[in-house]
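Residues per chain, in single letters:
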Amino acid sequence: MAAKDPPWIMRTYSGHSTPRASNALYRENLKRGQTGLSVAFDLPTQTGYDADHPLSRGEVGRTGVPIGHIGDLSELFAEIDLARMNTSMTINATAAWLLALYVGVAEKQGAQPKSLRGTTQNDIIKEYLSRGTYVFPPAASLRLTVDTILYTVEHVPEWNPINISSYHLQEAGATPEQEVAYALSTAIAVLDSVRERGIDQQHLAQTFGRLSFFVNAGIRFVEEVCKLRAFARLWDRLGAERYGVRDEKLRRFRYGVQVNSLGLTEAQPENNVVRIAFEMLGVTLGKNARARAIQLPAWNEALGLPRPWDQQLSLRTQQILAYESDLLEYPDLFDGSKVVERRSDEIAEAAWAEVERVLAQGGAVSAVESGYIKERLVASNAARIAAIESGAAVVVGVNRFTESSESPLMSGGGAESILRVDARAEAEQIERLVAFRKARDASEAERALERLRLAAERGENLVPASITAAKAGVTTGEWAGALRQVFGEYRAPTGVTGARVPELPMAYDQLRKHVDELERAIGRRPKLLVGKPGLDGHSNGAEQIALRARDAGFEVVYEGIRVTPKEIARAAADEGVHVVGLSILSGAHLELTREVKAELEKLGVHVPVVVGGIIPESDRKELLGAGVARVFTPKDFQIAAILENLVDVVRQAHAR
Amino acid sequence: MSSDVELDSLVKRALAREPAAVARAISVAEDRRASLEPVAEELLRKLSRGGHPASARRVGITGPPGVGKSSLTSRLVQRYRELGRTVGVLAVDPSSPRSGGALLGDRARLELDPDDAGSFVRSMASGGQLGGLARAAGAAVEVLCAVYDVVLIETTGVGQSETDVEHVADSVLLVIQPASGDVLSFIKAGILEIPDVLAVNKADLGSVAERAFSDLQAALVVSAEASGGSPPPVLLTSATTRAGVDELVRVLDERYERLVSEGKLEQLRVAKSAAWAYRQFRERYGERGVERAGGKDQLVATLTQAIANGENFLESMRRAAVREP
């Protein structure tokens, strides 16, 4: 038997509540055979707010670990040797800051920056398109990205400074061609900016070699195999042709994966175990385009946050494929396959044509600002959803084979089958923050912030000033606040106004009739406000509801992501809407809904409120008890049915 | 909303700039049920009696999609608020011809303070009309004029017949962007005769903006010479850097004050309002209705007189229809 290839790095995307709780979880996961760490940060950390900022309310420790200062990060990695760890951090707008904190903590542990290995996601373009945790306008954001790249290539050479993420593009509905095209367009925008800084060819080639990708893999795993081969080929070509990289090794396509969350279902959730395993095949089978690092979601992610046991099952799935099966004993399985070759060619060709269209518009940044890419993604997602609604795309347990025995995993409606974030975590985190601020040398922190502001104004690389600030005890909110002063904030195009959507399924004829009847009864077209309160930037659901509601005949007001409850209430008041729909995926639905309802009350607006999101059964009951008219979860995949519900809700409210 | 008491209380709250009440008043005006028409009329009458519609400055903002009208509107609101004036905005978006629904997306680009009762933004769908304005927009503008010092009416598109905004505004601001080929096509379509003020937005783009600015100035001089008038003012603006915004407000103010001092404002408003009412009348009662009311000239004269006598356009329209032989 030939020597086995070494397995990929195995990680689990995790972190929640507090640095201390997350540290315990990490050490547990490492004991179980995980070979790297993948840090999930909470939304305040990702968008640059301290835990005690009004926008952070309800979000602290929710979708990940809160990191407010160097003390938090030290605690997160307590008893974990950073000189030997490989740490991936899903952090973007504030990536330079988290890198600075990481270097600071590593030095405190006695590790040399040169020895540090890991990844900062640091891909801002896809934040504007899909994930939503951007802060600054594109030009300033791109500068921060490039600062980080230039700094690490010189001082932390083993670090992957950017993980260009096609992952979130697929989550937003991208086709394989679009996923490849927009990720490559992003890479070009970044590399062109690096080149414009005036570095020499040798450094440019080295930088090219440090760029890595974060890819998605869906259930159509044969196509995914081909997508990754197409990706690798185009990347190699881009390096050689556009950037003159001679060394083949530096042109190698390096990527990590989280397999698809989009396709995980709330109905019959145990089926997701199998989906996850098959999806992993797409990124492991072919040695020539195999992932360097894999993290798998948990089977119950459409229900809420996974528990340690759920994550363990995902880790075991990786371990079985890597250690038990014979996969790693063979060279590339698809070498010479005409079928795979042909599909890879097709994807590469279509993707490259789209790259050229983006370049013709001035590149990825222009195509983001104009809304072009976003509109394309919104349209693709609409087509994907339409296929599920019509049954053209089969989702087992959702639109086919829906009959099921009662699941022993889901006793009590599944309330016990998810992790509950400690309700005291937010208060605890704020206490720690206040104590930390009190204990630090205030004038040193102030000086460090002043230096940061100056560096920002003068166009100097911001990483050294950030490291100084990290060591001086500056907080996450202060760091981002200083840069907000210099760079300003940004609101990205929503993509819903220009998106072309496919013809609607038959169910909509009936629905339109109902909307027209409703209009006659209430005297105006029913008007819906789609609101995304809080820091959560996952807007795909809200966008699809807005589009479909328009096509069903509603008038729809949609303001994009990250609006406050107060702003939502005021918009509902001014606009005279008949119903308010809130979309919340961060888990903060109880707090945010309560706040929106209170603000509506203050303004004297009495309209029904409906809520959609990843909402566990017990919370659903609580929301309904608090006067919410309807609650929708991923189980409600028929948008037509959701809209029929809205028609009923408005009709009932009008009749009262 | 049936009793006078309720109506009086609504009017009082709206005039106190309570957002929910202003919104409710617009919703009543928007309502298509025949049974609510007398209520809407009465509401407008009470509002205009209690408020100050005559002194409200009405600015129509129009231009092709994507030129940054909403962002510029946002900056104008900001500036007016700095000057201590209250502002009502009506943002009109096209309706979907397929479903009659609409995506009202302008709010996303407006930076608003939710605590500020001195500014108010309402989005409205065009209701499938070819003109840029919704059927109910005229009534909504009257509500806003009774309540706020300045009323901005934002519509998309220019060309075709989408210039309705001129009928409800004292001044029409046309916003265009550099390097879009807009200037040339506007000259061809004769659109440059409609605006009273022009803004070349996105001045932050630098030299392309400046070139578009001088092209436009030259074109306006030529077209003014041909018609014997003087060219309207053109400004370079940027919603991003706020450049040119203060001056834009100054130019709009100057135009308004000139109309007042020359005694033309009242006449202009009556004429515009009558033209608007005529269009609405024709849409509602058809060509035959117009004939029954004595033909176009007679009808416009009737409407003009009614509006000059202080009737709002809903009333004037109804009376003109009632007067049919």
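Report on the accompanying structure. (Residues numbered from 1 in each chain as written. Chains lettered and ligands numbered in written order. Predicted model: local features only at pLDDT ≥ 70, side-chain atom pairs only at ≥ 80, totals over all residues. Heavy atoms only, no water.)

1. Observations regarding the interface of chain A and chain B
Logical step 1: Between chain A and chain B, the contact holds 39 residues from the first and 31 residues from the second.
Logical step 2: For the pair chain A and chain B, the summed buried surface comes to about 2800 Å²; carbon and sulfur atoms form 48% of the total.
Logical step 3: Among the residues of chain A in contact with chain B, R524, R570 and D574 of chain A are the three that bury the most area, contributing 22% of the side total.
Logical step 4: Where chain A packs against chain B, one counts 6 salt bridges.
Logical step 5: When the shortest N-O distance is used, the salt bridge between E30 of chain B and R524 of chain A registers 3.4 Å.
Logical step 6: If you look at where chain A meets chain B, you find 21 residue pairs in polar contact (both at pLDDT 80 or more).
Logical step 7: Looking at the side of chain A that touches chain B, the elements with two or more residues in it are α20 (507–522), α21 (540–552), β12 (555–558) and α22 (565–575) of chain A.
Logical step 8: For the side of chain A that touches chain B, the residue count by class is 15 nonpolar, 7 polar and 17 charged. (Contact = heavy atoms within 4.5 Å. Buried area = accessible area lost by both parts, 1.4 Å probe. Salt bridge = Lys/Arg side-chain N within 4 Å of Asp/Glu carboxyl O. Polar contact = N/O pair within 3.5 Å; in protein donor to acceptor, adjacent residues only side chain to side chain. Helix = DSSP H or I, 4+ residues; strand = E, 2+ residues; numbered from the N terminus. Nonpolar A, V, L, I, M, F, W, Y, C, P; charged D, E, K, R; others polar.)

2. What to know about the side chain of N29 of chain A
All names here are of chain A.
Logical step 1: In this fold, N29 is placed in helix α1 (residues 19–31).
Logical step 2: For N29, a relative accessible area of 4% gives the class buried.
Logical step 3: In contact with N29, other than residues within four places in its own chain, are T12, S14, Q34, Q311 and L315. (Buried < 20%, exposed > 50% of the residue type's maximum accessible area, 1.4 Å probe, protein only.)

3. Re the packing of aromatic side chains
All names here are of chain A.
Logical step 1: Scanning the model with the defined rule gives 18 aromatic pairs over all chains in all.
Logical step 2: For the ring pair Y128 and Y134, a centre distance of 4.9 Å and an interplane angle of 40° mean the geometry is tilted.
Logical step 3: Judged by relative accessible area, Y128 falls into the buried class, the value being 5%.
Logical step 4: In this structure an aromatic cluster arises from ring pairing among F208, F213, F231, W235, Y243, F253 and Y255. (Phe/Tyr/Trp six-rings, centres within 6.5 Å; stacked < 30°, edge-to-face > 60°.)

4. Digging into the packing of helix α2 (residues 19–30) of chain B against helix α5 (residues 137–147) of chain B
When two helices pack together, their arrangement is captured by the angle between the axes and the distance separating the axes.
Residue and element names in this part refer to chain B.
Logical step 1: Direction vectors running N to C along α2 and α5 enclose 155°, while the axes themselves pass 8 Å from each other. When the axis of α2 is compared with that of α5, the two are roughly antiparallel. Once α2 is placed against α5, the crossing between them reads as right-handed. For the pair α2 and α5, contact is made by V22, A25, I26 and A29 and by A139, A140, V143, L144 and V147, respectively.
Logical step 2: Residues belonging to the contact of α2 with α5 are distributed by class as follows: 9 nonpolar, no polar and no charged. (Axes fitted to C-alpha atoms, helices over the stretch in contact; angles between N-to-C directions. Parallel < 35°, antiparallel > 145°, perpendicular 65-115°, else oblique. Left-handed = near helix turned anticlockwise from the far one by under 90°.)

5. Description of the sheet that holds strand β14 (residues 609–613) of chain A
Logical step 1: Strand order in the open sheet formed by 6 strands is β15(A)-β14(A)-β13(A)-β11(A)-β12(A)-β3(B), with parallel pairing between adjacent strands. Edge positions in the sheet fall to β15 (630–632) of chain A together with β3 (102–104) of chain B, since each of these pairs with one other strand and no more. Recorded for the sheet is a direction-independent mean angle of 20° between the axes of neighbouring strands.
Logical step 2: In this sheet, β12 of chain A lies alongside strand β11 (residues 527–531) of chain A in parallel orientation, the contact comprising 4 bridges. Within β12 of chain A, the position partnered with L529 of chain A by the bridge is V557 of chain A.
Logical step 3: Here α22 of chain A sits on the sheet and contacts β11, β12 and β13 (579–584) of chain A; the angle it forms with β11 of chain A, its principal contact strand, is near 165°.
Logical step 4: Packing against the sheet, helix α23 (residues 589–602) of chain A makes contact with β13 and β14 of chain A, and its axis sits at approximately 155° to β13 of chain A. (Pairing = 2+ DSSP bridges.)

6. Some remarks on the nonpolar core
Logical step 1: Core analysis: the biggest nonpolar cluster contains 169 residues, and F213, W235 and F554 of chain A have the highest contact counts within it.
Logical step 2: Not counting residues up to four positions away in its chain, the partners in contact with W235 of chain A are L184, A187, L191, F208, L211, F213, R251, R252 and F253 of chain A.
Logical step 3: In this structure, A274, W276, F281 and A321 of chain B belong to the second largest nonpolar core, which totals 55 residues. (Core = buried A, V, L, I, M, F, W, Y, C linked by side-chain atoms within 4.5 Å.)

7. Observations regarding unusual backbone geometry
Logical step 1: Even without glycine at this site, R562 of chain A takes up a positive phi of about 60°.
Logical step 2: Along the chain, the position of R562 of chain A falls in the loop between β12 and α22.
Logical step 3: Look at R242 of chain B: it is not a glycine, yet its phi comes out positive at around 75°.
Logical step 4: Turning to its location among the elements, R242 of chain B is positioned in the loop between β8 (234–236) and α9 (245–261).

8. Structural notes on the sheet that holds strand β5 (residues 117–120) of chain A
Residue and element names in this part refer to chain A.
Logical step 1: Spatially, 5 strands are ordered β2-β3-β4-β5-β6 in an open sheet, and the strand pairing comes out parallel. Two strands close off the open sheet at either side, each with one partner strand: β2 (13–14) and β6 (159–160).
Logical step 2: Along the sheet face, helix α4 (residues 95–109) touches β4 (86–89), β5 and β6 and points at about 155° away from the line of β4.

9. Regarding the environment of S390 of chain A
Residues and elements named next belong to chain A.
Logical step 1: Counting through the fold element by element, S390 comes out in helix α15 (residues 372–390).
Logical step 2: Separated by 151 residues in the primary sequence, S390 and G239 have C-alpha atoms spaced 42 Å apart.
Logical step 3: Within the structure, S390 has its side chain in polar contact with the backbone nitrogen of A392 (distance 3.3 Å).

10. Focus: α5 of chain B
Logical step 1: Within α5 of chain B, 10 of the 11 residues are buried, leaving the element largely enclosed by the surrounding structure.
Logical step 2: Residues of α5 of chain B that are buried include every one of A137, G138, A139, A140, V141, V143, L144, C145, A146 and V147 of chain B, and no others.

11. Quick word on the packing of α4 of chain A against helix α18 (residues 462–471) of chain A
All names here are of chain A.
Logical step 1: It is the contact of α4 with α18, at a shortest axis distance of 8 Å, that shows an interaxial angle of 55°. As far as their axial angle goes, α18 and α4 are oblique. Between α4 and α18 lies a crossing whose hand is right-handed. Of the residues in α18, those touching α4 at A96, W97, L99, A100, L101, V103, G104 and E107 are V463, S466, I467, A469, A470 and K471.
Logical step 2: Among the residues forming the contact of α4 with α18, the class breakdown is 10 nonpolar, 2 polar and 2 charged.

12. What about the pattern of salt bridges?
Logical step 1: Under the criterion given, the structure shown has 78 salt bridges over all chains.
Logical step 2: Residue E179 of chain A is joined to K227 of chain A by a salt bridge in which the shortest nitrogen-to-oxygen separation is 2.9 Å. Separated by 48 residues along the polypeptide, E179 of chain A in helix α8 (residues 176–196) and K227 of chain A in helix α10 (residues 221–241) bring together distant segments of the chain. Neither residue differs from the other here; E179 of chain A and K227 of chain A are each classed as buried.
Logical step 3: Its salt-bridge partner being R32 of chain B, residue E519 of chain A comes within 3.9 Å of it at the nearest N-O pair. Taken together, the residues E519 of chain A in helix α20 and R32 of chain B in the loop between α2 and α3 (37–50) connect one chain to another.
Logical step 4: Among the residues examined, R32 of chain B registers a relative accessible area of 46% and is labelled partly exposed.

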